[in-house]
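# Close look at the chain arrangement
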Amino acid sequence: MTQQNNGVAASVTQTQPLWLLAEVTYRCPLHCAFCYNPTDYAKHTENELSTEQWIQALRDARKLGAIQLGISGGEPLLRDDIEDIVIEARKLGYYSNLITSGVGLTEKRIKAFKDGGLDHIQLSMHDITEEINNFITNTKTFELKKKVAAMIKDHGYPMVLNVVIHRYNIGHIKEILEMAESLGADFVELANTQYYGWSLINRSQLMPTKEQIEFAEKVTNEFRSRVGSKMKIFFVVPDYFSERPKKCMNGWGEVFMIVTANGDVLPCHSARVLPGMEFPNIKQHGLEWAWKDSPTFNKYRGDKWMKEPCQTCPEKEKDLAGCRCQAFLLTGDAEAADPVCSLSPNHHVILQAIEDAKNPKLQSQPIHFRTDKNSKKFVEGDLKELVKEFHALP
Amino acid sequence: MNNTEIYTLAPHYRFQWEEAQQSYVMLFPEGMIKLNGGAGEVIRRVDGKRSVDEIVHELKLAFPDVDDIESDVVAMIQLAVEKSWLVLAN
Ligand code: SF4
Ligand code: SF4
C-alpha cells in the first residue's frame, strides 16, 4: 500500500500484513445472491475458533505489523464474543471495523462496542426498495437495516455504507445515494459485484451492461460534485469491463491476511478455490510461520511464478498479472494471466461472459442463493459440477 | 489560517506511533497513512490545547538547526485540515 500524499506519506513496507480480516463465522442469516463466501462454505462451518484462539491470533498478527482489523463473516454478530474481541483489539492498538449486515445489532451490543473501542461499523445496504433488498438477500431485512443505520449514527459512529451493485439495483444509484445522504452517511462504497463464490455462479443473472455501469458512474460523479466532501463516495469499477486486471489484494501475501472461522490463514477471500494448496491453520502453525514461511503465502509473491504474456510484460509491476483466483476460475490455470487483461490469450472468456449477461434466457435462470442447503449441494450434491463449467480450458 | 487557532484530531481518526513501521501513522475508515518524521512531530503536538503558534515555538526549541519551521508547520496543518484529519477545537 503506497499512499502518495504531497510527500507526507512514505511508502509502507510491503512485507507486513497491515490488514487482518477476521472472518469469524461463515454462518449468516442472509442469503445474498452475490455473496463472495466460497460456495462450499458448508464444509468450513464446523470447528470455529474459540474466543481465546481469536485473541491469540490478534496478538500474533499485531506483532507482525497488522494494524487495520476487519471483523467479518458470514455475519460476525452471530457470535456473542465480538465484544471481547473488540476490547482486545483496542488494547492492542488496532483500528477496528465491524462489517455487518446489521442483523443482530442491538442497543446493548453497540454500546458495548463503543465502550470497548470499536472504531467503526460498516453496514451493507442493498437498495431503496424493500422488494429488491428482500429479493437479493432472500430475507426480510429492509426495515431493520434502516433502523440499524440510525442506531450507528446515534452512537456517534461514522456511517460507512457498503452497497454491492448488480443488475437489480444499478438503475437506482441516484436514489441509493439520496437515501445514504438522508441517513447521514459519511462514507458510501458502491462496490460493483466481483465474480467469485456465489456471484460467479449467478453471474449471468447479476451482471449489468457496460452502458449501465457507465451511466451509474456518471450519476455518481454528479452526486459527488453536489454533496462535496461531507459524504465520501467510492465507486469500485468492475474489472470485467477494464482492459487490465486489478492488482488483486495489492499483491499476494503483500499486505492482507485473512483468518477464517476455523483458523485457516488465507492471502485472499477466495483463495480456497485454488487447486493443490494447503492453507496453514493457526491451530497447527503460528501466524508468523503462515505469513513468512508457509509455501502458500510464498507461492505467488514476486513475479518468478508468472507465465507469458506476463513474465516479460512491461506492465507486470502494475497489476502483478491480476487475480490468481479469477485466473483459475475462468481459465483452469492458476498461473495464467488474469483473463480480464486484453493481452491474455483467454480474454474471450470475459467477452463471452459479458455477452451471456445480455442473453435473456441466461438472465432469467433461477438464482442460487447462498444457503446452507445450496452450499451442501456444492460440496457433494448436484451443483458440484457447476463451478467447473466456468473454466474455459479443458 | 490564523496561528492563534487551536486544532484537534477529527473524530474517527486515530493517530499513533507504530512500532512495526517505526513511524507515526494516521488511521481512518478507508486506510492508513504513514507520516514522515517531520509530519509526525507536528501532528503529535496537535492536541486541542496548543495553538499553531505554540507548536511552532516548541518545534523551534526542539529542532534549533532547522530553518523556516513556521511555514512547514503551517503547511502541514493546512494539509491535514484539507484531508479532514484535523478540525478546529471548539
Ligand atoms: S454477502 Fe450476504 S450472505 Fe454473504 S456473508 Fe454477507 S450478508 Fe451474509
Ligand atoms: S499481460 Fe499480464 S502482466 Fe501484462 S498487463 Fe496483462 S495481466 Fe498484467
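Residues numbered from 1 in each chain as written. Chains lettered and ligands numbered in written order. Predicted model: local features only at pLDDT ≥ 70, side-chain atom pairs only at ≥ 80, totals over all residues. Heavy atoms only, no water.

Moving on, we get to the site of ligand 1. Around ligand 1 sit Cys28, Leu30, His31, Cys32, Cys35, Asn37, Gly74 and Arg370 of chain A, and those are all the residues in its vicinity. Taken together, the residues of the shell around ligand 1 sort by class into 4 nonpolar, 3 polar and 1 charged. (Near = heavy atom within 4 Å. Nonpolar A, V, L, I, M, F, W, Y, C, P; charged D, E, K, R; others polar.)

Ring pairs (aromatic) are described by centroid distance and by the angle formed between their planes. Residues and elements named next belong to chain A. Scanning all chains against the criterion turns up 9 aromatic pairs over all chains. Relative to Phe256, the ring of Trp19 lies with its centre 5.8 Å away and its plane at 20°, an arrangement referred to as stacked. One end of the pair, Trp19, is in strand E1 (residues 19-23); the other, Phe256, is in strand E8 (residues 256-259), and 237 residues separate them in sequence. Residue class for Phe256 comes out partly exposed when judged on its relative accessible area of 23%. Centre to centre, the rings of Trp252 and Tyr300 are 5.0 Å apart; their planes meet at 85°, and the pair counts as edge-to-face. With Trp252 in the loop between strand E7 (232-236) and E8 and Tyr300 in the loop between helix H11 (295-299) and helix H12 (316-319), this residue pair connects regions lying 48 residues apart in the sequence. For Tyr300, a relative accessible area of 5% translates into the label buried. (Phe/Tyr/Trp six-rings, centres within 6.5 Å; stacked < 30°, edge-to-face > 60°. Helix = DSSP H or I, 4+ residues; strand = E, 2+ residues; numbered from the N terminus. Buried < 20%, exposed > 50% of the residue type's maximum accessible area, 1.4 Å probe, protein only.)

With 31 residues of chain A at the interface, the matching set in chain B holds 24 residues. Note on chain A versus chain B: buried area summed over both sides is about 2200 Å², and carbon and sulfur give 53% of it. In this assembly, chain A and chain B are joined by 2 salt bridges. For Asp119 of chain A, the salt bridge identified is with Arg14 of chain B, shortest N-O distance 2.6 Å. Viewed at the interface, chain B and chain A are joined by 8 residue pairs in polar contact (both at pLDDT 80 or more). Taken together, the residues that form the side of chain A that touches chain B break down as 15 nonpolar, 12 polar and 4 charged. (Contact = heavy atoms within 4.5 Å. Buried area = accessible area lost by both parts, 1.4 Å probe. Salt bridge = Lys/Arg side-chain N within 4 Å of Asp/Glu carboxyl O. Polar contact = N/O pair within 3.5 Å; in protein donor to acceptor, adjacent residues only side chain to side chain.)

Here the focus is the confidence of the model for chain A. Put simply, chain A has an average pLDDT of 86, and 93% of its residues get 70 or more. In this model, residues 1-14 of chain A is a region of pLDDT below 50 whose contacts with residues beyond four sequence positions or in other chains number 37 contacts. (pLDDT = per-residue confidence, 0-100.)

Looking now at the sheet that holds E8 of chain A. Residues and elements named next belong to chain A. Taken in spatial order, the 9 strands of this open sheet run E7-E6-E5-E4-E3-E2-E1-E8-E9, and their pairing is mixed. Either end of the sheet is taken by a strand with one partner, and the two such strands are E7 and strand E9 (265-266). Pairing of strand E5 (residues 159-165) with strand E6 (residues 187-192) involves 6 bridges; the strand directions are parallel. Across the sheet, Asn162 pairs through a bridge with Glu189, a residue of E6. Set on the sheet, helix H1 (residues 51-63) makes contact with E1, strand E2 (68-72) and E8; between it and E1 the angle comes to about 170°. (Pairing = 2+ DSSP bridges. Axes fitted to C-alpha atoms, helices over the stretch in contact; angles between N-to-C directions.)

The subject of this paragraph is helix H9 (residues 210-227) of chain A. Residues and elements named next belong to chain A. With 18 residues, H9 should reach 26 Å at 1.5 Å per residue; the first-to-last C-alpha distance of 26 Å fits that figure. Of the residues making up H9, those classed as buried are Ile213, Ala216, Val219, Thr220, Phe223 and Val227. Each buried residue of H9 lies within a common arc of 125° when the element is viewed along its axis, so the set occupies one face. Of the exposed residues in H9, those oriented more than 90 degrees away from the buried face are Glu211, Phe215 and Ser225. Two residues or fewer after H9 comes Gly228, characterised by a positive phi angle close to 65°. (Expected span 1.5 Å × (residues − 1). Arc of directions from axis to C-beta.)

Bringing the sheet that holds strand E2 (residues 14-18) of chain B into the picture now. All names here are of chain B. Spatially, the 3 strands line up as an open sheet ordered E2-E3-E4, and their pairing is antiparallel. Looking at which strands have only one partner, the edges of the open sheet turn out to be E2 and strand E4 (31-35). With strand direction ignored, the average angle separating the axes of adjacent strands in the sheet is 30°. Bridging between E2 and strand E3 (residues 23-28) involves 5 bridges; their strand directions are antiparallel. Bridging from a neighbouring strand, Trp17 pairs with Tyr24 of E3.

This part covers the pairing of E2 of chain B. The buried count for E2 of chain B comes to 4 of 5 residues, which makes it a mostly enclosed element. A loop of 4 residues connects E2 of chain B with E3 of chain B, the two strands running antiparallel in sequence, and Gln22 of chain B in this loop sits at a positive phi of about 55°.

In this structure, Thr220 of chain A sits in helix H9. Excluding residues that lie within four positions of it along the chain, Thr220 of chain A makes contacts with Ile173, Leu177, Leu190, Ile233 and Phe235 of chain A.

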